[in-house]
Amino acid sequence: MTSIAVPEHPWLLPGELVVPAERVRKRPRRTTRDWVVDSLAFLIGLLWVLFAAADALSPSPEMALPLPHEWMLGVDTVLGLVCCGLLWVRRRWPLGLAVATLPLSMFSMAAAIPLLIFYFTVVVHRRTAVAVAVTGVGLLTNLVFSWTRPDPVMPYWLTVTWGVVLTLAVLAWGMFVRARRQLIVSLRERAERAEAEQQLRVAQARHLERTRIAREMHDVLAHRISLLSLHAGALEFRPDAPADEVARAAGVIRGSAHAALQDLREVIGVLRAADGGDDAPEPPQPTLADLPALIAESRSAGVRVNVSDSVAEAEKVPAALGRAAYRIVQEGLTNARKHAAGAAVTVDVAGGPGDGLTVAIGNRWPVGAPATGTLPGAGTGLVGISERVTLAGGRLAYGRDDSGDFRLAAWLPWPA
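So, how was this worked out
- Residues numbered from 1 in each chain as written.
- Predicted model: local features only at pLDDT ≥ 70, side-chain atom pairs only at ≥ 80, totals over all residues.
- Heavy atoms only, no water.
- Patch = residues over 30% accessible without salt bridge, like charges linked within 9 Å, V, L, I, M, F, W, Y side chains within 5 Å.
- Areas by Shrake-Rupley, 256 points an atom, 1.4 Å probe, with all protein chains shown as cover.
- Salt bridge = Lys/Arg side-chain N within 4 Å of Asp/Glu carboxyl O.
- Helix = DSSP H or I, 4+ residues; strand = E, 2+ residues; numbered from the N terminus.
- Buried < 20%, exposed > 50% of the residue type's maximum accessible area, 1.4 Å probe, protein only.
- Arc of directions from axis to C-beta.
- Axes fitted to C-alpha atoms, helices over the stretch in contact; angles between N-to-C directions.
- Parallel < 35°, antiparallel > 145°, perpendicular 65-115°, else oblique.
- Left-handed = near helix turned anticlockwise from the far one by under 90°.
- Contact = heavy atoms within 4.5 Å.
- Nonpolar A, V, L, I, M, F, W, Y, C, P; charged D, E, K, R; others polar.
- Pairing = 2+ DSSP bridges.
- Phe/Tyr/Trp six-rings, centres within 6.5 Å; stacked < 30°, edge-to-face > 60°.
- Lys NZ or Arg CZ within 6 Å of the ring centre and 35° of its normal.

A. Focus on a nonpolar patch on the surface. Taken together, the side chains of Met106, Phe107, Leu140, Leu143, Val144 and Trp157 make up a nonpolar region of the molecular surface, amounting to roughly 560 Å² of accessible area. The element best represented in the nonpolar patch is helix H6 (residues 128–148), accounting for three residues. With respect to the helices, strands and loops of the structure, Leu143 is situated in helix H6.

B. Seen up close, helix H4 (residues 94–101). Listing the buried residues of H4 in full gives Pro94, Leu97, Ala98 and Thr101. For H4, the angular spread of buried residues about the axis comes to 100 degrees, placing them on one side.

C. View of the pattern of salt bridges. Per the stated rule, a full pass over the model turns up six salt bridges. For the salt bridge of Asp38 with Arg90, the shortest nitrogen-to-oxygen distance reads 2.8 Å. Remark: Arg90 occurs in the loop between helix H3 (70–86) and H4 and Asp38 occurs in helix H2 (residues 32–57); sequence separation between them is 52 residues. With a closest N to O distance of 3.6 Å, Asp405 and Arg364 form a salt bridge. On the criterion of sequence distance, the pair formed by Asp405 in the loop between strand E4 (395–400) and strand E5 (406–412) and Arg364 in the loop between strand E3 (356–363) and helix H11 (381–391) is long-range, its members being 41 residues apart. On the accessibility criterion, Asp405 (18% relative accessible area) is buried. Under the relative-accessibility criterion, Arg364 is labelled exposed at 56%.

D. Representation of the packing of helix H10 (residues 319–339) against H11. Between H10 and H11, the least distance of the axes is 10 Å, while the angle of their chain directions is 160 degrees. In terms of orientation, H10 lies roughly antiparallel with respect to H11. Crossing geometry of H10 relative to H11 is assigned as left-handed. From H10, Arg323, Ala324, Arg327, Ile328, Glu331 and Asn335 reach across to H11, where they touch Gly381, Leu382, Ile385, Arg388 and Val389. Among the residues making up the contact of H10 with H11, the classes are represented as five nonpolar, two polar and four charged.

E. Molecular detail of the packing of helix H5 (residues 112–125) against H6. Taken N-terminus to C-terminus, the directions of H5 and H6 make an angle of 155 degrees; their axes are 8 Å apart at the nearest point. Between H5 and H6, the interaxial angle falls into the category roughly antiparallel. Seen from above, H5 lies across H6 with left-handed handedness. Every residue of H6 that contacts H5 at Tyr119, Val122 and Val123 is listed here: Val130, Ala131, Val134 and Thr135. A class-by-class count of the residues in the contact of H5 with H6 yields six nonpolar, one polar and no charged.

F. Focus on the pairing of E4. Note that E4 and E5 share six bridges and pair antiparallel. When the bridges of E5 are listed, Tyr398 appears paired with Leu408. The antiparallel pairing of E4 with E5 creates a hairpin that spans five residues between the two strands, and Gly404 there sits at a positive phi of about 90 degrees.

G. Looking closely at the sheet that holds E4. Pairing is mixed in the open sheet, where five strands are placed in the order E1-E2-E3-E5-E4. A single partner strand is all that each edge strand has here, and the edge strands are strand E1 (305–311) and E4. On average, each strand axis in the sheet is tilted by 5 degrees relative to the strand beside it, whichever way the strands run. Sheet topology places strand E2 (residues 345–352) next to E3; eight bridges connect them, and they run antiparallel. Looking at the pairing, Ala350 lines up with Thr358 of E3. The sheet contacts of helix H9 (residues 291–300) involve E1 and E2, and relative to E1 the element is tilted by about 170 degrees. With respect to the sheet, H10 is in contact with E1, E2, E3 and E5, its orientation differing from that of E3 by roughly 5 degrees.

H. Fine view of the packing of aromatic side chains. Here the structure, examined in full by the defined rule, presents six aromatic pairs. Both rings, one in Trp48 and one in Phe51, keep their centres 6.0 Å apart while their planes meet at 40 degrees; by these two values the pair is tilted. Residue Trp48 and its partner Phe51 are located together in helix H2, separated by three residues, close to a single helical turn. These aromatic residues form a ring-pair network of at least three members: Trp35, Phe42 and Trp88. The side chain of Arg92 reaches across the aromatic face of Trp93, ending 5.3 Å from its centre. Over the ring of Trp365 we find Arg400, and its NZ or CZ is 4.3 Å from the ring centre.

I. Summary view of the environment of Leu140. Mapped onto the fold, Leu140 is located in helix H6. Classification of Leu140 by relative accessible area gives exposed; the value is 55%. Spatially, the C-alpha atom of Leu140 lies 9.7 Å from that of Val164, the residues being 24 residues apart in sequence.

J. Summary view of the environment of Trp93. Positionally, Trp93 belongs in the loop between H3 and H4. Overall, Trp93 belongs to the partly exposed group, its relative accessible area being 47%. In this structure, the C-alpha to C-alpha distance between Trp93 and Val122, residues 29 residues apart in sequence, is 9.0 Å.

Shown next, in the form of structure tokens:
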């Protein structure tokens, strides 16, 4: 799951920018910053209402001509106070309040500042098309206001011009604030998406590593256990064998079991280290130089193995290529011990830089029913080898050839 980064000082941000969970709410919870802004807006609007009322009552008003009747001044003041109270709920219904109070902008001087704040809220919280529409209607009402409440000093068109400049300035400021908030939201979403993608890549890499370890474990343990089965079967077949042969077979069984347990312990250690997030050194992987030891191990188990090695510049074989060839030979010897016990096995390794590396393992097809106690196969060994060869960019073929023998052959690219 993706962790959500909480800002260090969330009280300094608007409510919709604190966390994504708050951003998707219809009514984001007010932060300390929102309460301060709303309080300042209410205080400025209230002071403006009081100043406008006092100016209208003065003998020579400075802002606009007084209203013709005394009761109109009271109504204007009350409307201004009502608009100041509505400032507390403008975040919930910005467009509705702006539309409902637009007619007041044609004659009310006391509600001028609250109306500008309503308009600014619409620009910040609604789409640009909506803000432009409200702006157009506001410019029309500005023409009416300059006619109904003319300025005692400035001419009509100058008053209209100042109203247009003020309206466009509020529009530009609101659009800047909206664009900045959208940028912050976009950057946050991009960061969260990048974090989620990074976690997905880590999970995929971990899954691929586990798959690789499981494939290596299958190859190694299948080889070891097939040796154990071969020697145990020999002891079962010849219970009257000389004591030295029994002791030698038991020693091979013990050594193979110890090696299998050691391999299993190393694999489990790597898996546990992966779960804990620690980097653990992996056991050394076999290469083409380890093939003689693999052949000798099979021969010591009684398998007749004929080897033909004609690799040019064997010391220059890339590590990945040598490891793939080793695993192919190991799988071929394991399958021969499982399914063709007693049959001779031929191993051919040839190639060179630029020509590629060819690995072929063949054995006679078993005749008759399988021997009792034959190891069951998981059916995934050749599949894993096929995957390994495909990833290396090579080719793999297996099955009975024209002579009826089983043959496993692979070609692996070896760059010059």
